Number of protein chains: 2
Amino acid sequence: MDSIDPSKAYRLLEAGPIVLVTTSHEGRSNVMTMGFHMVVSHDPPRIGCVIGPWDHSYKALRATGECVIAVPTVDLAGKVVDIGNCSGDEVDKFARFKLSPRPAQKVSAPLIAECLANIECRVADDALVARYGLFILEAVAISYDRDRKERRTLHHNGDGTFCADGRLIDLRERMTLWKQFQVDL
Amino acid sequence: MDSIDPSKAYRLLEAGPIVLVTTSHEGRSNVMTMGFHMVVSHDPPRIGCVIGPWDHSYKALRATGECVIAVPTVDLAGKVVDIGNCSGDEVDKFARFKLSPRPAQKVSAPLIAECLANIECRVADDALVARYGLFILEAVAISYDRDRKERRTLHHNGDGTFCADGRLIDLRERMTLWKQFQVDL
């Protein structure tokens, strides 16, 4: 996997893919599925997401202030759903779902080798965690698998159905106000 | 357009479509394009989004506490980009882009007749507005156009390219923990 600048997190997340989130705490790693997230700012690269006490990963995220947002592609659709429908409280999900953990560059949580991209994050603001489980994260490193052929991500319709990425519509020449964000991945 | 329950907002937004946001203030309506948004909770139906002082709509949203999140489809791609690349400070965007405003049920901001769905929202929490322009909204009504044939939404890759909704992957039978959210639109 190549290392790319953390400022490019918006290029991976703004389109709203379903993602996996890893944490590591007290010698155990966990992974959850997450659909409630957004880009908050380009610079610094901040991300908002909802992980609450109802999620087993919450305790580790609170304790360490670190996680990895991994971006899966359509070939992983079944695992993405199954990971979201069991709890790290009962299951070693890396083992059960045959995911390969890899050391991250800057955080304790592991990367997932099978994913297209892995965004290493640190908690930047917890002001709305008590009310909504809403964390403000900052991306601190990104690994991206340029050798991967399957790059179509999945968009969760909220009910267990997903849209795969379809046709690409290129309107870059009409982005007159926002040209500075047209960076390559 | 049919009225559907505001609790179904997550079914329209979790997949991460690019959206339009309307406001109305001092006799003038405006519309902006927004890509930084997420679902925050199912019940009540809360939505997080970023609209800052750099957006012309910010002042109206602050003053009225109301907006409409309209969900456009692929046939509107060009307009979605052009709306995001000019300012309501200089342009009457409803007129320029030939959008048809319709009265909302519960808020002062207008619906957009050309969109697939219109989610009427009120500001529920502004604790992170000063820091990030991050509003917590609550959906209070939804209008949905069941007669529309084109229902593919657009996902912004952050650089002026968009993925249209592609193949539908149905994994509802594996949503064992989350069956209660499998409601029809």
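What counts as what
Residues numbered from 1 in each chain as written. Chains lettered and ligands numbered in written order. Predicted model: local features only at pLDDT ≥ 70, side-chain atom pairs only at ≥ 80, totals over all residues. Heavy atoms only, no water. UniProt positions renumbered as here; feature names shortened; annotations may be inferred. Disulfide = S-S within 2.5 Å. Buried < 20%, exposed > 50% of the residue type's maximum accessible area, 1.4 Å probe, protein only. Helix = DSSP H or I, 4+ residues; strand = E, 2+ residues; numbered from the N terminus. Pairing = 2+ DSSP bridges. Contact = heavy atoms within 4.5 Å. Buried area = accessible area lost by both parts, 1.4 Å probe. Salt bridge = Lys/Arg side-chain N within 4 Å of Asp/Glu carboxyl O. Polar contact = N/O pair within 3.5 Å; in protein donor to acceptor, adjacent residues only side chain to side chain. Arc of directions from axis to C-beta.

- In the annotation of an unreviewed UniProt entry, the entry for chain A reads Flavin reductase, and the organism field reads Hansschlegelia plantiphila.
- In its Sequence similarities (unreviewed entry) section, the UniProt entry covering chain A states "Belongs to the flavoredoxin family."
- Under the UniProt heading Cofactor (unreviewed entry), the entry covering chain A gives this text: "FMN".

**Points about the state of the cysteines**
Stage number 1. Enumeration over the complete set of coordinates arrives at zero disulfides over all chains.
Stage number 2. Cys-115 of chain A provides the cysteine sulfur closest to Cys-86 of chain A, a residue in no disulfide bond, and the two sulfurs are 15 Å apart.
Stage number 3. A residue is classified by how much of its surface remains accessible, and Cys-86 of chain A, at 15% relative accessible area, is buried.
Stage number 4. Lacking any disulfide linkage, Cys-115 of chain B is separated from the closest cysteine sulfur, that of Cys-121 of chain B, by 13 Å.

**Things to note about the pairing of strand 10 (residues 134-144) of chain B**
Residues and elements named next belong to chain B.
Stage number 1. With ten of its eleven residues buried, strand 10 lies for the most part within the structure.
Stage number 2. Of the strand pairs in this sheet, strand 1 (residues 2-4) and strand 10 are connected by three bridges, and their pairing is antiparallel. Bridging across to strand 10, Asp-2 finds its partner in Tyr-144.
Stage number 3. Inspection of the sheet shows strand 9 (residues 117-128) paired to strand 10 by nine bridges, in the antiparallel sense. Each residue of the ladder has a partner; that of Leu-128, found in strand 10, is Leu-134.

**Digging into the interface of chain B and chain A**
Interfaces are often sized by the accessible area lost when the parts come together.
Stage number 1. If you look at the interface, chain B gives 59 residues, while chain A gives 59 residues.
Stage number 2. Where chain B abuts chain A, roughly 5400 Å² becomes buried across the two surfaces, and 59% of that area is made up of carbon and sulfur atoms.
Stage number 3. Where Asp-82 of chain A meets Arg-174 of chain B, a salt bridge forms, and the shortest distance between an N and an O atom there is 2.7 Å.
Stage number 4. On inspection of chain B and its partner chain A, the count reaches 38 residue pairs in polar contact (both at pLDDT 80 or more).

**Quick word on helix 2 (residues 57-64) of chain B**
Residue and element names in this part refer to chain B.
Stage number 1. Listing the buried residues of helix 2 in full gives Ser-57, Tyr-58, Ala-60 and Leu-61. Buried residues of helix 2, viewed axially, fall in a sector of 165 degrees; they line one side.
Stage number 2. Close packing links the buried residues of helix 2 with strand 2 (19-25), strand 3 (28-34), strand 6 (66-71), strand 9, helix 5 (129-132) and strand 10.
Stage number 3. A positive phi of about 70 degrees marks Gly-65, the residue just after helix 2.

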